[in-house]
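# Summary of structural features
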Amino acid sequence: MREVLQSATDMRSRVTGWMGKRLLAHLSRTGFDLESSWFVPSRVLAPLRRNGLNPVPELARMQAQGPITRLPLPVTVWLVTGYEASKQVLVDSDSFSNDFGNLKELGLFADEAPGGLGFSDPPEHTRLRKVLTPEFTMRRLSRLVPRIEAIVNDQLDLMSMKDGPVDLVEDFAMPVPALTICELLGVPASEREEFQRRSVARFDLGGAATASLSAVSESVVYFRELVRAQRLAPTDGLLGELVRKHGDELADDELAGLADGLLTGGFETTASMISLGTLAMLRSPELFDRVRGDEEAVGGVVDELLRHQSVVQVAFLRIARKDVEVAGTRIRAGDIVACSLSQANRDPSVYAQPDEILPERAAGQHLAFGYGAHRCIGAELAKMELRIAYPALARRFPEMRLAVDPGALSFRKLSIVYGLHSLPIHLGSDTSPAQLDL
Ligand code: HEM
């Protein structure tokens, strides 16, 4: 019996390994445009696709049938679309592992498991998270507020000097989080332009996968050098602080990995929220007026936009460590579980009129930052950036409007982090904050 099971496992491993390799070969040829791929059923792609600012209707149909659905794949993969069921999976680190090393055994990952905070389990995860947590307290983050305000204002100034329409993605949404991460980590001013270039190249999912992969290794090499420089002369930023407090217990590679994890977690996500949130506000001008005129209302608008957009469409994959029940469905040890955060945040049993943006609702319990031990460590920093960026933009350019027909906007077709490729905007007349205060 054991031999039969072993040979079935070997066969499964060979089939999934072969599929994994085919998929990787296809990805490196075509980038991430799997839209027309014959070998991936549409249900599997649904959590990675969007319909403008909304999840694709297929996800709502799955959700209506039940909070958890098995996807048609040769390995057992469950898609969770219910809000409560997602919370159950995300909070239960005893039953669900984030360690991709487990998936490697199934042949889904060729050699290297990704590693880092998001892909580790306790006690490794607890150890690394403890090192970073003090750097993300409100007290520590508050020192960044004047710096983020200055970054935002500088970008607004640069945009106002341009003739004709601007691209809000390139000119505002990407520089703001990239430069904020420079401030957070302590990247020297002279290296920031290059840092931005590398960050953009790294997340260019529209480009060839090979270009993006080479930017990943460039980025890791850069962080290793930055760590070495910080060891010699630690500055005020997060890396300098980590070197001072934990320099003896953390190797250079570990510190570089943590820094790279913060870039991975904090750049593309926040950039997407800035541009998609702006688009949503341009489509509902009362939201735009609200963030411009009412300081008290900004927090509510930010949280509701985070819920509605859920730019991280799917949480890190979990792999069941043991047999466990989720919303009445039996999950077996070894099964893979994906939580569709974008659909869980539209669960009608939790949010009335889930597709509407209603800033007065208490949206703060949304799952846009995940839930449980792996909940986004940068959530407060991201909200801080959005609470500064949206009103500053709305006050400075109260007449801003789309420079193209909404139908011509180009969104990412298939991605874990959703976003716009570009957002052409006519700024209208420039109103400085000082004039508005009068
Ligand atoms: C709007 C912006 C952001 C969104 C929507 C977002 C969303 C998320 C989500 C959904 C997770 C994973 C939860 C899971 O699978 O359990 C996550 C994890 C993480 N995020 Fe963010 N994030 C944002 C900004 C940031 C920022 C600014 C940083 C840091 C500078 C950051 C750093 C991280 C890290 C390090 C993790 C892994 C945490 C862990 O595994 O313990 N994120 N984020």
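For the structure itself, look to the data block above.
Given the structure is predicted, the values throughout are model-derived calculations rather than measurements. (Residues numbered from 1 in each chain as written. Predicted model: local features only at pLDDT ≥ 70, side-chain atom pairs only at ≥ 80, totals over all residues. Heavy atoms only, no water.)

To continue, consider the coordination of the iron atom of the ligand. The reference angle at a metal is 109.5 degrees if four donors form a tetrahedron and 90 or 180 degrees if six donors form an octahedron. Of all protein atoms, just one serves as a donor to the iron atom of the ligand, and that atom is C376 (SG), at 2.3 Å. Here C376 lies in the loop between helix 18 (341-344) and helix 19 (379-396). (Donors = N, O, S within 2.8 Å, 3.2 Å for Na, K, Ca; no water. Helix = DSSP H or I, 4+ residues; strand = E, 2+ residues; numbered from the N terminus.)

Turning next to the site of the ligand. By nearness alone, 27 residues border the ligand, and H125, R129, R318, H374 and C376 come closest of all. Its residues assigned to classes, the shell around the ligand shows 16 nonpolar, nine polar and two charged. (Near = heavy atom within 4 Å. Nonpolar A, V, L, I, M, F, W, Y, C, P; charged D, E, K, R; others polar.)

For helix 15 (residues 268-283), which comprises 16 residues, the first-to-last C-alpha distance of 22 Å matches the rise-based estimate of 22 Å (1.5 Å per residue) to within 8%. Along helix 15, 15 of the 16 residues are buried, which leaves the element largely enclosed by surrounding structure. (Expected span 1.5 Å × (residues − 1). Buried < 20%, exposed > 50% of the residue type's maximum accessible area, 1.4 Å probe, protein only.)

Time to look at the packing of helix 15 against helix 19. For any two helices packed against each other, the geometry is given by the interaxial angle and the distance between the axes. Direction vectors running N to C along helix 15 and helix 19 enclose 40 degrees, while the axes themselves pass 10 Å from each other. Put simply, helix 15 runs oblique to helix 19. Here helix 15 runs over helix 19; the crossing is right-handed. From helix 15, T270, M273, I274, G277, T278 and M281 reach across to helix 19, where they touch A382, E385, L386, A389, Y390 and L393. The class makeup of the residues in the contact of helix 15 with helix 19 is eight nonpolar, three polar and one charged. (Axes fitted to C-alpha atoms, helices over the stretch in contact; angles between N-to-C directions. Parallel < 35°, antiparallel > 145°, perpendicular 65-115°, else oblique. Left-handed = near helix turned anticlockwise from the far one by under 90°. Contact = heavy atoms within 4.5 Å.)

Take the environment of Q365 next. Structurally, the position occupied by Q365 is in the loop between helix 18 and helix 19. Residue classification places Q365 among the exposed positions, given a relative accessible area of 57%.

Among the nonpolar cores identified, the biggest contains 85 residues, and L132, F136, V152, M159, F172, L185 and F223 are the most heavily contacted of them. Tallying contributions element by element places helix 19 first for this core, with 11 residues. Ignoring any residue separated from it by four or fewer positions in sequence, one finds V152 in contact with F172, V176, I388, A389 and A392. (Core = buried A, V, L, I, M, F, W, Y, C linked by side-chain atoms within 4.5 Å.)

Our next topic: the pattern of salt bridges. If you walk through the whole model with that rule in mind, you get 26 salt bridges. In this structure, the salt-bridge partner of E124 is R127, at a minimum N-O distance of 3.3 Å. With E124 and R127 both in helix 6 (residues 124-132), this residue pair falls three residues apart, about one helical turn. E124 gets classed as partly exposed once you look at its relative accessible area, which sits at 35%. (Salt bridge = Lys/Arg side-chain N within 4 Å of Asp/Glu carboxyl O.)

This part takes up the sheet that holds strand 6 (residues 166-167). As summarised here, the arrangement of the three strands in space is 6-12-11, forming an open sheet in which the pairing is antiparallel. Because the sheet does not close on itself, it has two edges, and the strands there are strand 6 and strand 11 (401-402). Where strand 6 meets strand 12 (residues 424-426), two bridges bridge the pair, whose relative direction is antiparallel. If you follow D167 over to strand 12, its bridge partner there is P424. (Pairing = 2+ DSSP bridges.)

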